[in-house]
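Close look at the chain arrangement
The primary structure of each chain is shown beneath.
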Amino acid sequence: MNAASTAESADFRGPLDITRAATVVLDAESTVIGWSPAAAELLGYGSSDALGRPLAAFLSVRPAGGTLPAEASGAAGPGPGPPSLVGNEIHVARTRDGRELLVATATCPLPGAAGASGPGAPDRILVAAEVEALLHWESRIALLQGLATQSPVGLAIYDTDLRLSWSNTAYEREMGQPLAAFRGKRAEELYGAGSFVTPGYPHTLAGVMRQVLDTGEPVLDLHFRGQPPSDPGRDHLWSCAYYRLEDAHGHPLGVCEDAFDITDRYRVQERLALLVEAGRRIGTVLDVATTAEEIAEVAVPDFAATVRVDVTRAAVTGETAAVGSPADMSLLRVAERSAPGSGTPDPGLPANGPAETGLPANGPAETGRPDPGGTDSPGSPGGPRQPYPPVGYPPGSPQNRSLSSGGLVLDEGTLVVPLRTGGGILGLVTFDRGEGPDASGRSSGPDRATTFDNGEVALADELAARAAVCIDNARRYTRERTASLALQRQLLPHHLPPQSAVETAYRYLPADDVTGVGGDWFDVIPLSGTRVGLVVGDVVGHGLQAAATMGRLRTSVRAFAQLDMAPDELLTRLDDLVGQPAEDWSDACGGAVETYDVTTGATCLYAVYDPVSRRCVMARAGHLPPAIVGPGGEVSFPDLPAGPPLGLGGLPFESMEIDLPVGSLLALFTDGLVEAGDHDIGRGLDTLGQVLGDRSASLDELCDRAVSELVPGGTSTDDTALLLVRTRALGADQVADWELTAEPVSVGRARELATGQLEAWGLEELAFATQLVVSELVTNAVRYAGGPLGLRLVRDRTLVCEVADTGHTSPHLRHSAADDEGGRGLFIVAQLVQRWGTRYTPTGKTIWTEQALPSAEAG
């Protein structure tokens, strides 16, 4: 827009103003005696053509057609007509080129004309303008009048000295007094404590207006925060615009300020932003205490000066939400947060301070989560610190009323909202605004009051509802995880009893808190003949089902191992067992359930070590092979035949027999130890081999090093099991064996050999019982099996007696009738020994017994 058009648009002279309207001077007989240039421009007649002619030659009341145009019909008809045309006459003007124009006219008599009424004497002046131009001008005037008296936007004009010279009615209402009371004051005198919060601009009113005056550049939507004189003590927020006012020649006259109070809109946006932030930050982990801390962090200091979160003891431990009277609910303070400089009395802990409750002191960066590793509390010398102190609210307190009613309670600056879910109450959230307009000592937001309005109550209810859902999810997770951990801990060995065959050490690390418990397990199983079974396995998945499946597999392995099965046969039986449950369950339910079972795909490694022969037989089902470290420190991973994971079937399992010199180290582990997101299994196996190669370290030290190197921080996405075994051997003086023929004479020979060996070992007390055992077992072998026969005595923690033959039929214990001639011998043997059983071998079977050593010898 150029300067000419700007000046024209800023010309507020009316169309009927004599300085710009078509002006005609008439005598008493309505003869034109004066004709202005504007009249010539409007009608096209020059002054020479118009002078001396009657006015009717140019203006008529009716147009040639006999009716007025539609836009002027209201003025010609009954009534006052359109408001903008009241007081004006409407005529139809004929232009020189034959067109008809609708014009509004006004007549003004000249002073003294009444006495000189002759022809040619000036009698009156008539001004005329097009009706359209008059209507346009009237709308501009109405706009200005509306801005001055009706607009909700505050308008003010400051002169070049930045003193207020004019304001509209909205600005006066904001000031709470008429314009005359504050005209001439500077902006700082009206809003001295306020400032702009929009970045990139001066903070003061004078600074912004001076910038606009100097540059001429308008600014739009600057946010100004302050307290209006009409509402002292409460912050408001305005959206302001500033532009320079100039005269027709472009000289600055001052600055105009447009200000609109957006406090309500800002608070709605603030609440929406708080809800968005709550959705982003609350419930990030499945932990009750962490979720409680998160709601406190979100609400302080923008929504409340202090937030306290009390949760029922049942919710913390994962039990069902509390339902009943307040007396039935045991609340624990799990989170508390306050803005700096604030702090209100706590009715739940009237006599305790932060040090005595176990919660940290108030601070801008401190949360309410206690240090679980804390020692004694200063408030209770010698007593253990309470991580979540119990709270109790007196009758009549807002918290007690909320628990009683199950609804929220607003008491001045305190708002208590229950954490409700599924008809029960998980706890309470207390929002406290403190004593002043802002308990933190600063303006945290516009229009912050000491109490809560309806919108803020609804916002607090929504925050508590979201937190309650997250806490309930955490409670359910805690319940399931606690049950899973308890089940898994009960199913895993609590300790490994000492073995003569091996020295053992182990480490078990459950999965991290996100994935929960898993299905890894290990075991050391005492077998007959001082042998020992070593097993490690891994069940697919995590949680309660994986832990239960692990327990089933571990129990099955122990049961099969007690039958002295070879490793490949044990895995075959275990594979058959794993393949049955899903099919059986599906058939029982008519095929209407999911047939997948977490046992499918489980892996297992089973090894049997014999300290007498120093040989180890092992087989695996989809599991990683063990690591073997020789006495010299050389590390190897034997090429053990890889059988399929359990439950898949289709391929047989194969065993491998390895000689293990005394002092060899055998490491059995799950993939959670050697596999991680930042490295593959190969790298993990190399690292494990380097750690295990240190022969000077003890087994416990090697376990700790392996875990620290391969599982930094002690947590991983999968369970980790590590079992270290160092082999031992029984000395030649602890084992005695003989070969006998399958003849009756061998029975007496066997008794003599056994008695002599017991005397050499100083076990004469066991001679009688051992003679009976040897006689019965050798007699059965001679009678029912074939030779050659083997007799072996082993002195270990017990006295082991073994008789081997070439038969494959196992004797059975039975009760003989009174008239039976046989069948009592094995029954007598069972009464004389602690345990007995049958072990099958490639060449036949071995019947073994174990007897307790005398107390002195055993010690």
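In the block above lies the structure referred to throughout.
Presented here is an overview of the structure given in this document.

Parameters at a glance
- Residues numbered from 1 in each chain as written.
- Predicted model: local features only at pLDDT ≥ 70, side-chain atom pairs only at ≥ 80, totals over all residues.
- Heavy atoms only, no water.
- Pairing = 2+ DSSP bridges.
- Helix = DSSP H or I, 4+ residues; strand = E, 2+ residues; numbered from the N terminus.
- Contact = heavy atoms within 4.5 Å.
- Axes fitted to C-alpha atoms, helices over the stretch in contact; angles between N-to-C directions.
- Buried < 20%, exposed > 50% of the residue type's maximum accessible area, 1.4 Å probe, protein only.
- Core = buried A, V, L, I, M, F, W, Y, C linked by side-chain atoms within 4.5 Å.
- Parallel < 35°, antiparallel > 145°, perpendicular 65-115°, else oblique.
- Left-handed = near helix turned anticlockwise from the far one by under 90°.
- Nonpolar A, V, L, I, M, F, W, Y, C, P; charged D, E, K, R; others polar.
- Patch = residues over 30% accessible without salt bridge, like charges linked within 9 Å, V, L, I, M, F, W, Y side chains within 5 Å.
- Areas by Shrake-Rupley, 256 points an atom, 1.4 Å probe, with all protein chains shown as cover.
- Salt bridge = Lys/Arg side-chain N within 4 Å of Asp/Glu carboxyl O.

Strand order in the open sheet formed by 6 strands is β2-β1-β6-β5-β4-β3, with antiparallel pairing between adjacent strands. Sheet topology places β2 (32–35) and β3 (59–60) at the edges, where each strand pairs with a single neighbour. Sheet analysis places β3 next to strand β4 (residues 89–94), joined by 2 bridges and oriented antiparallel. Bridge assignment links Leu59 to a residue of β4, and that residue is Ala93. Here helix α5 (residues 131–149) sits on the sheet and contacts β4, β5 (100–109) and β6 (124–130); the angle it forms with β6, its principal contact strand, is near 80°.

A few words now on the pairing of strand β31 (residues 789–795). Most of β31 sits out of view: 6 of its 7 residues are buried. Looking at chain direction, strand β30 (residues 735–740) and β31 are connected through 6 bridges and run antiparallel. Bridge pairing in β31 links Leu740 to Leu789. With 6 bridges joining them, β31 and strand β32 (residues 798–805) adopt antiparallel strand pairing. Among the inter-strand pairings, Val794 is bridged to a residue of β32, identified as Val800. Between β31 and β32, which follow one another and run antiparallel, lie 2 residues.

As for its placement among the helices and strands, Ala93 is situated in strand β4. Taking the relative accessible area as the measure of exposure, Ala93 reaches 0% and is therefore buried. Linking Ala93 and Ala57, residues 36 residues apart in sequence, is a C-alpha distance of 8.9 Å. If we ignore the near neighbours within four places in the chain, the residues touching Ala93 are Leu43, Phe58, Leu59, Arg99, Glu100, Leu101 and Val103.

What follows deals with the sheet that holds strand β19 (residues 502–509). Strand order in the open sheet formed by 5 strands is β19-β29-β28-β24-β25, and the pairing between neighbours is antiparallel. Each end of this open sheet is capped by a strand with a single partner; those strands are β19 and β25 (635–636). Relative to strand β28 (residues 665–669), strand β24 (residues 627–629) is paired through 3 bridges, and the arrangement is antiparallel. Paired with Val629 across the bridge in β28 is Leu665. Each of β24, β25, β28 and β29 (720–727) touches helix α20 (residues 681–692); the most contacted strand, β28, lies at about 145° to it.

So, on to helix α14 (residues 398–405). Here α14 has its buried residues at Pro398, Gln399, Asn400, Ser402 and Leu403. Considering only its buried residues, α14 is in contact with β14 (331–338), β16 (409–411), β17 (414–421) and β18 (424–432). Taken from the residues just after α14, Gly406 is the one with a positive phi, measuring 75°.

This part covers the nonpolar core. Generally speaking, soluble globular proteins have nonpolar side chains that are buried together. Counting residues in each nonpolar core, the largest one holds 49 residues, and the members touching the most others are Trp521, Leu534, Val557, Leu570, Tyr606, Leu646 and Leu666. Leaving out residues up to four positions away in the same chain, Trp521 has contacts with Leu492, Val535, Val536, Gly537, Asp538, Val539, Met550, Leu553, Arg554, Val557, Thr603 and Cys604. Core analysis: the next-biggest nonpolar cluster, separate from the first, contains 40 residues, Ile282, Val298, Ala315 and Leu459 among them.

It is worth spelling out the packing of helix α10 (residues 263–281) against helix α11 (residues 288–299) at this point. The geometry of α10 relative to α11 is characterised by a closest axis approach of 10 Å and an angle of 155° between their N-to-C directions. As judged from the angle between their axes, α10 and α11 are roughly antiparallel. Seen along the crossing, α10 lies across α11 with a hand that is right-handed. Of the residues in α11, those in contact with Leu274, Glu277, Ala278 and Arg281 of α10 are Glu294, Glu297 and Val298. Classifying every residue of the contact of α10 with α11 gives 3 nonpolar, no polar and 4 charged.

Here we come to a nonpolar patch on the surface. On the surface, a nonpolar cluster with roughly 520 Å² of combined accessible area is contributed by Phe768, Leu772, Leu813, Phe827, Ile828 and Leu832. Contributing elements (two or more residues each) for the nonpolar patch: α23 (767–784) and α24 (825–832). In terms of residue count, the dominant contributor to the nonpolar patch is α24 (3 residues). Within the secondary structure layout, Leu813 lies in the loop between β32 and α24. Classification of Leu813 as partly exposed rests on a relative accessible area of 43%.

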